[in-house]
Amino acid sequence: MAAVIASLAGALILAGIVYDTARLITPDEPRRPPLARLRGRRASLEEAERWLVGLRLRHRIDTVTYQLRMSALARGQRRTTAGPSRAWGGRHG
């Protein structure tokens, strides 16, 4: 009975090793990212949106820049390609 349990435990350990090795070797992840990563990305985009609204309410950016950046956020981009050159006041800090 002990030999059966030992061989079963060894087979499970070996299967885990093979599985981990195969995941390390494969170049691509599954097509859909894990749910935790999606939640993190959405939370990040929501935080960027809140920050952008704050900039607009404090008149730190003009309407056109605000619309361009919100459009980029809607497409899932946290940073615009124009960069901070269009913002009033430049970069601080």
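Look up: the structure comes first, before these words.
Residues numbered from 1 in each chain as written. Predicted model: local features only at pLDDT ≥ 70, side-chain atom pairs only at ≥ 80, totals over all residues. Heavy atoms only, no water.

Broken down by element type, the protein carries three helices and zero strands. Reading the secondary structure of the protein in the N-to-C direction produces α-α-α. Carbon together with sulfur atoms contributes 61% to the accessible area of the protein, which is approximately 8,100 Å² in total. (Helix = DSSP H or I, 4+ residues; strand = E, 2+ residues; numbered from the N terminus. Areas by Shrake-Rupley, 256 points an atom, 1.4 Å probe, with all protein chains shown as cover.)

Right, let's talk about the pattern of salt bridges for a bit. This model, assessed by the stated rule, comprises two salt bridges. Glutamate 46 is paired through a salt bridge with arginine 50; the nearest N and O atoms lie 3.9 Å apart. With glutamate 46 and arginine 50 both in helix 2 (residues 35-57) and four residues apart, the pair spans about one turn of that helix. Residue arginine 50 is joined to glutamate 47 by a salt bridge in which the shortest nitrogen-to-oxygen separation is 2.7 Å. Within this pair, arginine 50 and its partner glutamate 47 are both found in helix 2, separated by three residues, close to a single helical turn. Via salt bridges that share partners, Glu46, Glu47 and Arg50 belong to a single interconnected network. (Salt bridge = Lys/Arg side-chain N within 4 Å of Asp/Glu carboxyl O.)

In this structure, Leu45, Ala48, Leu52, Leu55, Ile61, Met70 and Leu73 together form the largest nonpolar core, which totals seven residues. Residue assignment for this core shows that the elements contributing at least two residues are helix 2 and helix 3 (63-74). At four residues, the largest contribution of residues to this core is made by helix 2. For leucine 55, the contacting residues outside a window of four places in its chain are Arg60, Ile61 and Arg69. (Core = buried A, V, L, I, M, F, W, Y, C linked by side-chain atoms within 4.5 Å. Buried < 20%, exposed > 50% of the residue type's maximum accessible area, 1.4 Å probe, protein only. Contact = heavy atoms within 4.5 Å.)

Let's shift gears to unusual backbone geometry. A positive phi is found at histidine 59, a non-glycine position, where the angle reads about 60°. Looking at the element boundaries, histidine 59 is found in the loop between helix 2 and helix 3.

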